[in-house]
Amino acid sequence: MSDVLLVERDGRVAILTINRPDKLNALNTEVRDAAVKILGELAEDDGVGVVVITGAGEKSFIAGAEIGEFEGRTPFDQRDAMSSPRIFDLMASFPKPVIAMINGFCLGGGCELAMSCDIRVAADSARFGQPEIKLGLIPGGGGTQRMPRLIGTGQTMRLMLTGDMIPAAEAKEIGLVEIVHPAAELREKTLELAHKIAAKSPLTLKIAKEAIRAAERLPIEDGITYERDLFCLVFSTEDKAEGVKAFLEKRPAEWKGR
Ligand code: COA
């Protein structure tokens, strides 16, 4: 386990904590490499149903990419640093639900990482923004593509062209986060949500995520055909047989992930 990325297990929920609080959990190469490695392990771990990602300390989720690493890099170095596997894409395509637990500054690559997760839960004290424009840069972690899909082109333009920060309540209003809790309740409430999801069939969760993610790239007719095919795929599972049987017998289902 790396010092800059802590991994905790709480039943079927794995909690990843980016642990550079003195640098507001900025994403440096060490954090990115550790995240890629641990996500690979968690993807294979049948004991993990849901992953929660957060930042250490009370001040920041992730205050963006480590700006110090931009100095002295050639465009070729930067291209190598931004080549696959990238944590943003790994989150989006991860075979299990990933929840961003946003405990403070959620800026730049941090906001892009949150947008790559499946659900965003924020503390009421969190602040959001894409300040790259102030550095003479644009977002490079998928932000220009993911943000318009989440909150529309106009709001994305406003945030990315000004570099302004917005509070959690406003982020919720425009659809950048799904849920906001008082900061003191963030962990408890987020874990409650994570456990509720992790108690479902892992196989069905995986297919549900795949179907919903397809909406980001497919035209609607193709997406609906894809959904039908995936529906028929889960129709053949033991978990579907168990889920239907349990409903008819008025008892909780016991999922097998098959
Ligand atoms: N990369 C590297 N270091 C960062 C960082 C980043 N993205 N964000 C914050 N830090 C560091 C600061 O340099 C400072 O380090 P130091 O104590 O060694 O000087 C430490 O984290 C604390 O940050 P500080 O700026 O003192 O806190 P603050 O409360 O005054 O301001 C922010 C908080 C988030 C407004 C400010 O840190 C900031 O603007 N960060 C950059 C955000 C950004 O542009 N992200 C996109 C990067 S592409």
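For clarity, every value in this text was computed on a predicted model and none was experimentally measured. (Residues numbered from 1 in each chain as written. Predicted model: local features only at pLDDT ≥ 70, side-chain atom pairs only at ≥ 80, totals over all residues. Heavy atoms only, no water.)

### A word on the domain arrangement of the protein
No. 1: For the protein, the assigned domains are domain 1 (5-198) and domain 2 (202-248).
No. 2: Measuring from the centre of the C-alpha atoms in domain 1 to the corresponding centre in domain 2 gives 27 Å.
No. 3: Between domain 1 and domain 2, the residue contacts involve 14 residues of the former and six residues of the latter.
No. 4: Across the domain 1 to domain 2 interface the summed buried area is about 700 Å²; carbon plus sulfur atoms make up 49%.
No. 5: Among the residues of domain 1 in contact with domain 2, A92, P95 and R149 are the three that bury the most area, contributing 43% of the side total.
No. 6: At the junction of domain 1 and domain 2, the tally comes to two salt bridges.
No. 7: Linking domain 1 with domain 2 are nine residue pairs in polar contact (both at pLDDT 80 or more), by the criterion used here.
No. 8: For the side of domain 1 that touches domain 2, the residue count by class is eight nonpolar, two polar and four charged. (Domains from an automatic or database assignment. Contact = heavy atoms within 4.5 Å. Buried area = accessible area lost by both parts, 1.4 Å probe. Salt bridge = Lys/Arg side-chain N within 4 Å of Asp/Glu carboxyl O. Polar contact = N/O pair within 3.5 Å; in protein donor to acceptor, adjacent residues only side chain to side chain. Nonpolar A, V, L, I, M, F, W, Y, C, P; charged D, E, K, R; others polar.)

### Let's talk about the sheet that holds strand β6 (residues 105-107)
No. 1: Overall, mixed pairing links the four strands, which are arranged β4-β6-β8-β9 in an open sheet. Looking along the sheet, the strands with just one partner apiece sit at the ends: β4 (60-62) and β9 (166-167).
No. 2: Examined bridge by bridge, β4 and β6 share two bridges and lie parallel to one another. Bridging from a neighbouring strand, S60 pairs with F105 of β6. (Pairing = 2+ DSSP bridges. Helix = DSSP H or I, 4+ residues; strand = E, 2+ residues; numbered from the N terminus.)

### A few points about a negative patch on the surface
No. 1: Taken together, the side chains of D124, E185, E188 and E192 make up a negatively charged region of the molecular surface.
No. 2: Within the fold, D124 resides in the loop between β7 (119-123) and β8 (127-129). (Patch = residues over 30% accessible without salt bridge, like charges linked within 9 Å, V, L, I, M, F, W, Y side chains within 5 Å. Areas by Shrake-Rupley, 256 points an atom, 1.4 Å probe, with all protein chains shown as cover. Lys, Arg positive; Asp, Glu negative; His and termini not counted. Charge placed at Lys NZ, Arg CZ, Asp CG, Glu CD.)

### Looking at unusual backbone geometry
No. 1: Put simply, S84 and P85 share a cis peptide bond, and its omega is -5°.
No. 2: Tracing the backbone shows P85 in the loop between α2 (75-81) and α3 (87-93).
No. 3: Positive phi, close to 50°, is recorded for L24, a residue that is not glycine.
No. 4: Note on placement: L24 falls in the loop between β2 (13-18) and α1 (29-44).

### Here we look at the site of the ligand
No. 1: Lining the immediate surroundings of the ligand are 16 residues, of which K23, K59, A63, A65 and I67 lie closest.
No. 2: Within the contact set of the ligand, a nitrogen atom lies 2.9 Å away from a backbone nitrogen or oxygen of A63.
No. 3: One nitrogen or oxygen atom from the main chain of A65 is found 2.8 Å from a nitrogen atom belonging to the ligand.
No. 4: Out of a free accessible area of 860 Å², the ligand has 60% covered by protein chains.
No. 5: Of the residues that constitute the shell around the ligand, the class distribution is eleven nonpolar, no polar and five charged. (Near = heavy atom within 4 Å.)

### Section: the environment of A122
No. 1: Structurally, the position occupied by A122 is in strand β7.
No. 2: With relative accessibility at 0%, the residue A122 sits in the buried group.
No. 3: Residue contacts for A122: discarding those within four places in its chain leaves I102, F128, V177, I179, V180, H181 and L186. (Buried < 20%, exposed > 50% of the residue type's maximum accessible area, 1.4 Å probe, protein only.)

### Quick notes on a nonpolar patch on the surface
No. 1: A cluster of nonpolar residues, I67, F70, L135 and L137, forms a patch on the protein surface that exposes about 330 Å² of accessible area.
No. 2: Within the secondary structure, I67 sits in the loop between β4 and α2.
No. 3: You can call I67 partly exposed: its relative accessible area is 47%.

### Section: the pattern of salt bridges
Where charged atoms of side chains with opposite charge meet at close range, the side chains can pair.
No. 1: For the coordinates displayed, the defined rule picks out 16 salt bridges.
No. 2: In this structure, E249 engages K245 in a salt bridge whose closest nitrogen and oxygen atoms are separated by 3.3 Å.
No. 3: Using a relative accessible area of 41% as the deciding quantity, one classes E249 as partly exposed.
No. 4: Three or more residues joined by partner-sharing salt bridges are found here, namely D118, K209, R213 and E216.

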